[in-house]
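These are the residues of each chain, in order.
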Amino acid sequence: MKHNLIALVFVVVCSGLADAQTISNGLAAKSESEFLAAIAKMKASWETLNFPEVYVAAIRLYDLGFRKDSIYWFYSAQYRGRLFATLIDQNKMGSIGNAGFELFQAQNAFQQLVGPYINGYAFGDIDQLVPIIERVQREGKVVPELTKIYPGVVFKPKSEWDAGNKGLNEGLTKLLITLKNEKASIKQQRVERGMEAKFGKLPSKDLPKASGP
């Protein structure tokens, strides 16, 4: 992934998030051992991570060659970002400079910037991708305490949270059905579009167990 893309993403992450800079420093470390230490620390507080933090981790995992693990982090970030967008009270999210507004815009930006790279790799092995998405779906069935993860952001009433999350979760069921039923077609389309040539031979190394998901 291009370095200027990484720089842009860090800017997006740090806008409106008090803790983002500290985490970003660890993820941006040139030393792989420092980076892995940051990843391990994030996994220890997995339930309380916000979606930009998880997206940045996914990007760095991909760039440093831990590509299989980056898929799990990417889909986890995507789920959290979409849940945020679904449950935020758009009438009370403010405008430029307000945390709610900046995060709402960020979840679209992350998907557009990062998706083509990690999905480009992930869709090359459907048998590997399916259980990862199934895991993200299972973990997403319970709505986290969003007001603690995103302080200062106004969300819809809690009575609406489960219904909003259920719709999002069911969307993954549809994706999984498509992946399982159209595996051959997806493979053919990747070849025709040059995706297989671009991403198909990219290697992936294993994340140390202490840092793994």
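What counts, and at which threshold
- Residues numbered from 1 in each chain as written.
- Predicted model: local features only at pLDDT ≥ 70, side-chain atom pairs only at ≥ 80, totals over all residues.
- Heavy atoms only, no water.
- Core = buried A, V, L, I, M, F, W, Y, C linked by side-chain atoms within 4.5 Å.
- Buried < 20%, exposed > 50% of the residue type's maximum accessible area, 1.4 Å probe, protein only.
- Helix = DSSP H or I, 4+ residues; strand = E, 2+ residues; numbered from the N terminus.
- Contact = heavy atoms within 4.5 Å.
- Salt bridge = Lys/Arg side-chain N within 4 Å of Asp/Glu carboxyl O.

Asker: Is there a simple way to explain the nonpolar core in this structure?
Answerer: Side chains of a nonpolar character, in soluble globular proteins, are inclined to be buried together. In terms of nonpolar packing, the biggest core is built from 60 residues, with W73, F84, Y150 and F155 touching the most fellow members. Elements represented by at least two residues in this core include exactly α3 (32-44), α4 (51-63), α5 (67-87), α6 (99-122), α7 (126-139), α8 (146-149) and α9 (161-181). Broken down by element, this core gets its largest block of residues, 11 residues, from α5. Leave out the neighbours within four places in its chain, and Y150 touches N50, F51, R80, F84, L103 and F155.

Asker: Whenever I open this one, the environment of A38 confuses me. Can you help?
Answerer: Mapping A38 onto the fold places it in helix α3. With relative accessibility at 14%, the residue A38 sits in the buried group. Measuring from C-alpha to C-alpha, the distance between A38 and A28 comes to 9.4 Å, with 10 residues separating the pair along the chain. Look past the residues within four positions of A38 in its chain and what remains in contact with it is G26 and L27.

Asker: Would you explain the pattern of salt bridges in this entry?
Answerer: Evaluated as defined, the whole model comprises seven salt bridges. Across the pair R135 and E139 runs a salt bridge whose closest N-O atoms are separated by 3.0 Å. Here R135 pairs with E139, and both are found in helix α7, just four residues apart, close to one helical turn. Classification of R135 as partly exposed rests on a relative accessible area of 24%. A salt bridge links K187 to E196, with the shortest nitrogen-to-oxygen separation between them at 3.1 Å. Residue class for K187 comes out partly exposed when judged on its relative accessible area of 40%. Each of K187, R190 and E196 takes part in a single network of salt bridges with overlapping partners.

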